[in-house]
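Results of the structural survey
One letter stands for each residue in the lines below.
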Amino acid sequence: MELTNNLSEKALYDYKIVKRAVTGDEQAYAELFKRYKDSVYFMILKMVNNRTDAEDLMFEAFEKAFSSLNYYSPQFAFSTWLFKIASNNTIDFIRKKKAKVVSLDKDDINPDDRGYINSVPADVLNPEEETIRKQRAEFMREKVAMLKGRYRKLIELRYFEEYSYEEIAQELSIPLGTVKAQLFRARELLLNILQNSEIARENERA
């Protein structure tokens, strides 16, 4: 992680925090999250126009950035790198969402649109990709299992069972506002667990 001379004072400060995070400083991760969570969230919100999706995508962006922190190059400001990750992740989300709403029943498709439908890649994984997917799923379930009580249940319902916020509120007999607040906290805790797991793996490889 070689420093260049084209960084602003703010970017240099971020760079120092990133260096601490790479060495395993949990407070550094927390500080980066605190500094940019609002700006990342509102950037995504402008793209998806949905608060729930924006919140989910914001956490995904930080998870991806923190798990790839060793690949960050200070040739660019950390904020630029983070926003690029968040933007690309959101664009992928939008593309997948658009693909899902397209009916694949050819009898219901305008003939002029069939070329587009036929060009949509099949959502089928090859054996290697399927193995990787299963490994990641098992990894995530292991980490979620480390959460306590209600937080673990919230994550499982939201991401494994794909419940809506309203369905979770009904399932757990708690107010909708409580679901959103506790799920926000649950994801913060899970993010900390994922950060520590990545640090541990990097130390093993060192």
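See the structure above.
These lines cover the structure that appears in this document, whether it is placed above or below. (Residues numbered from 1 in each chain as written. Predicted model: local features only at pLDDT ≥ 70, side-chain atom pairs only at ≥ 80, totals over all residues. Heavy atoms only, no water.)

Here we take up the overall build of the chain. In terms of helices and strands, the chain carries nine helices and zero strands. Tracing the chain from N to C terminus, the helices and strands come up as α-α-α-α-α-α-α-α-α. The 206 residues of the chain split such that 33% are buried. Taking as baseline every contact in the chain between residues at least 6 positions apart, the subset at least 24 positions apart corresponds to 59%. Within the structure as shown, the chain displays about 13400 Å² of accessible surface, and the carbon and sulfur contribution to it stands at 49%. (Helix = DSSP H or I, 4+ residues; strand = E, 2+ residues; numbered from the N terminus. Buried < 20%, exposed > 50% of the residue type's maximum accessible area, 1.4 Å probe, protein only. Contact = heavy atoms within 4.5 Å. Areas by Shrake-Rupley, 256 points an atom, 1.4 Å probe, with all protein chains shown as cover.)

Let us look at the pattern of salt bridges. Scanning the entire structure with this criterion turns up eight salt bridges. With its nearest N and O atoms 2.9 Å apart, the salt bridge here joins R35 to D14. Within this pair, whereas R35 is found in helix 2 (residues 26-48), its partner D14 is found in helix 1 (residues 9-22), the two being separated by 21 residues in sequence. Exposure remark for D14: the relative accessible area of 0% places this residue in the buried category. R95 is the salt-bridge partner of D92, the closest N and O atoms lying 4.0 Å from each other. Taken together, the positions of D92 and R95, both in helix 4 (residues 78-101) and three residues apart, correspond to about one turn of that helix. When its relative accessible area of 34% is taken as the criterion, D92 is described as partly exposed. Residue class for R95 comes out exposed when judged on its relative accessible area of 57%. (Salt bridge = Lys/Arg side-chain N within 4 Å of Asp/Glu carboxyl O.)

To continue, consider the side chain of E55. Within the secondary structure layout, E55 lies in helix 3 (residues 51-67). The buried category is assigned to E55, whose relative accessible area is 17%.

What follows covers the environment of L183. Note that L183 resides in helix 9 (residues 176-205). Setting aside chain neighbours within four positions, we find L183 in contact with L154, I155, R158 and Y165.

It is worth spelling out the nonpolar core at this point. General note: in soluble globular proteins, nonpolar side chains tend to be found buried as a group. Formed by 30 residues in total, the largest nonpolar core has its most connected members in V40, I44, M58, F62 and F78. Only helix 1, helix 2, helix 3 and helix 4 provide two or more residues apiece to this core. At ten residues, the largest contribution of residues to this core is made by helix 2. Look past the residues within four positions of F62 in its chain and what remains in contact with it is L32, F33, Y36, K37, V40, L82 and L191. V144, L154, A186 and I193 belong to the second largest nonpolar core, which has 16 residues in total. (Core = buried A, V, L, I, M, F, W, Y, C linked by side-chain atoms within 4.5 Å.)

According to the stated counting rule, one finds eleven aromatic pairs in the structure shown. Geometrically, the ring pair formed by F33 and F62 is edge-to-face, given 4.8 Å between the ring centres and 70° between the ring planes. Of the two residues, F33 is situated in helix 2 and F62 in helix 3; the sequence distance between them amounts to 29 residues. By the burial criterion, F33 is buried, and F62 matches it. Grouping aromatic residues by their ring pairs yields a cluster made of Y29, F33, F59, F62, F66 and F184. (Phe/Tyr/Trp six-rings, centres within 6.5 Å; stacked < 30°, edge-to-face > 60°.)

Below, the discussion takes up unusual backbone geometry. Even without being a glycine, N49 presents a positive backbone phi close to 55°. Position of N49 relative to the elements: it lies in the loop between helix 2 and helix 3. Given the relative accessible area of 69%, N49 is considered exposed. Positive phi values are uncommon outside glycine, yet S173 reaches one of about 55°. For S173, the position within the fold is in the loop between helix 8 (165-172) and helix 9.

With that settled, consider helix 2. The terminal C-alpha atoms of helix 2 lie 31 Å apart, and with 23 residues this matches the ideal 33 Å at 1.5 Å per residue to within 8%. Within helix 2, the axis deviates most sharply at Y36, by approximately 45°. Taken together, the buried positions of helix 2 are occupied by A28, Y29, L32, F33, Y36, V40, Y41, I44, L45 and V48. (Expected span 1.5 Å × (residues − 1). Bend = angle between axes of the 7 residues up to and from the residue.)

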